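Examining the three-dimensional arrangement
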Amino acid sequence: MTDAHNHLQDARFDGIRDDVIATMLEQGITQCVTNGTSPDDWLKVTQLARQYPDLITPSFGLHPWQKPSADWYEQLVQALDSTPRACIGECGLDRWMRNYDTELQIEIFTRQLDLATERNLPLSIHCLKAWGMLIDILESRPLPERGFLLHSYAGAAELIPRLVKLGAYFSFSGYFLHTRKRHVIEAFKHVPAQRLLIETDAPDMQPPTQLIKHHLPEEELNHPANLTAIYTEASKHLDTSMVAANFARFFHH
Ligand SMILES: [Zn+2]
């Protein structure tokens, strides 16, 4: 089983990380992508990928919630150059956050997008309430040949064919299994089977209570081993038969 998007480097796993990862392995999770969110956590991502090379694919990105340092781009290039199998992300656009600066977000996102295109690297995109802006950018510049990932996609069903045409993969998170998120499952039915991925976004995006098989000391946090239950439940609604092949094609080809 493959987790297309988590944050195992997150400080909320400090002190319990190795136990959490041991549980993931016991539950049959074979591969995951661990996403850094700013230069401050990239080293931790690198170290984890070194410690668990079969399980963890490292990804480095500057998330729209993080403040950019003056040299973040140089640091990103250096992190990519010095880390085998590294991807770019999590990055993206967010108009849900408070006091967002659209210009700055666009600049930071497009630099990461352009770098992914130049090197044809897997790119993981976060987008909240900024779909028009994102589509404008994606439709107006060269994109990575391998495509790109829209993580925890919660955009409109109508946008899916346009995004598919641009090369999008879509990852489904356990959070979407809440009854109030039913419309997201309906939208995901428009995603072609060969573009579907599954993710936990752990330690965030907790699935509904009945699907939580693994707990963390802080009750509201999402254990990445919940992926197993998310898969089973998602498979009742969506064709997940190609998820493993999609993961391999997108992240490791
Ligand atoms: Zn994330």
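Quick note: structure is the one above.
This section reports on the structure supplied with the text. Counting starts from 1 at the beginning of each chain's written sequence and moves along it residue by residue. Only residues with pLDDT of 70 or above have their local features reported here, since the model is predicted, and side-chain atom pairs are shown and tallied only from 80 upward, although totals for entire chains, interfaces and linings are computed over all residues.

This paragraph deals with the pairing of strand β2 (residues 31-35). Whether a residue is buried, exposed or partly exposed follows from its count of other C-beta atoms within 10 Å of its own C-beta, namely 20 or more, 12 or fewer, or something in between, respectively; the C-beta atoms are built from the backbone. For helices the rule is a DSSP run of H or I covering at least 4 residues; for strands it is a run of E covering at least 2, with both sets numbered from the N terminus onward. Summarising burial for β2: 4 of the 5 residues are buried, a large majority. By definition, the crossover connecting two strands over a helix is right-handed if that path, from the first strand to the second, turns clockwise as seen with the strands pointing away from the viewer. Between strand β1 (residues 2-6) and its parallel partner β2, the chain crosses via helix α1 (residues 17-26), and the hand of that crossover is right-handed. Sheet analysis places β2 next to strand β3 (residues 56-60), joined by 4 bridges and oriented parallel. Bridge pairing in β3 links N35 to S59. For the segment spanning β2, helix α2 (residues 39-51) and β3, crossover handedness is right-handed. Being paired, for any two strands, means DSSP has found at least two bridges between them.

Turning our attention to the pairing of strand β4 (residues 87-94). A large share of β4 lies buried, amounting to 7 of its 8 residues. Here β3 pairs with β4 via 2 bridges, running parallel. Counted as the bridge partner of F60 is I88 from β4. Examined bridge by bridge, β4 and strand β5 (residues 123-128) share 5 bridges and lie parallel to one another.

Another aspect to go through is the sheet that holds β3. If you trace the 8 strands from one edge of the open sheet to the other, you get β1-β2-β3-β4-β5-β6-β7-β8, paired in parallel fashion. In this open sheet, the two edge strands, each paired with only one partner strand, are β1 and β8 (196-199). Strand after strand, the sheet turns through a mean of 30° between neighbouring axes, direction not considered. Bridging between β5 and strand β6 (residues 148-150) involves 2 bridges; their strand directions are parallel. In the sheet register, S124 faces β6, and the bridge partner there is L149. An axis is simply a line fitted to the C-alpha atoms; with a helix, the fit covers only the stretch in contact. Between two such axes, the angle follows the N-to-C directions and lies from 0 to 180 degrees.

With respect to the secondary-structure elements, W65 resides in the loop between β3 and α3 (72-82). What makes W65 partly exposed here is the crowd of 16 C-beta atoms within 10 Å. A C-alpha to C-alpha distance of 31 Å links W65 and A193, two positions 128 residues apart in sequence. Excluding anything up to four places from it in sequence, W65 contacts D94 and M97. A residue pair is marked as a contact if its C-beta atoms, positioned from the backbone, fall within 7 Å.

The linkage connecting G89 with the following residue, E90, adopts the cis geometry, with an omega of 15°. Within the fold, E90 resides in strand β4. Cis geometry marks the peptide bond from A202 to P203; its omega dihedral reads 10°. By the element assignment, P203 lies in the loop between β8 and α8 (227-237). Unusually for a residue other than glycine, D201 sits at a positive phi of about 60°. Take D201: it is sitting in the loop between β8 and α8.

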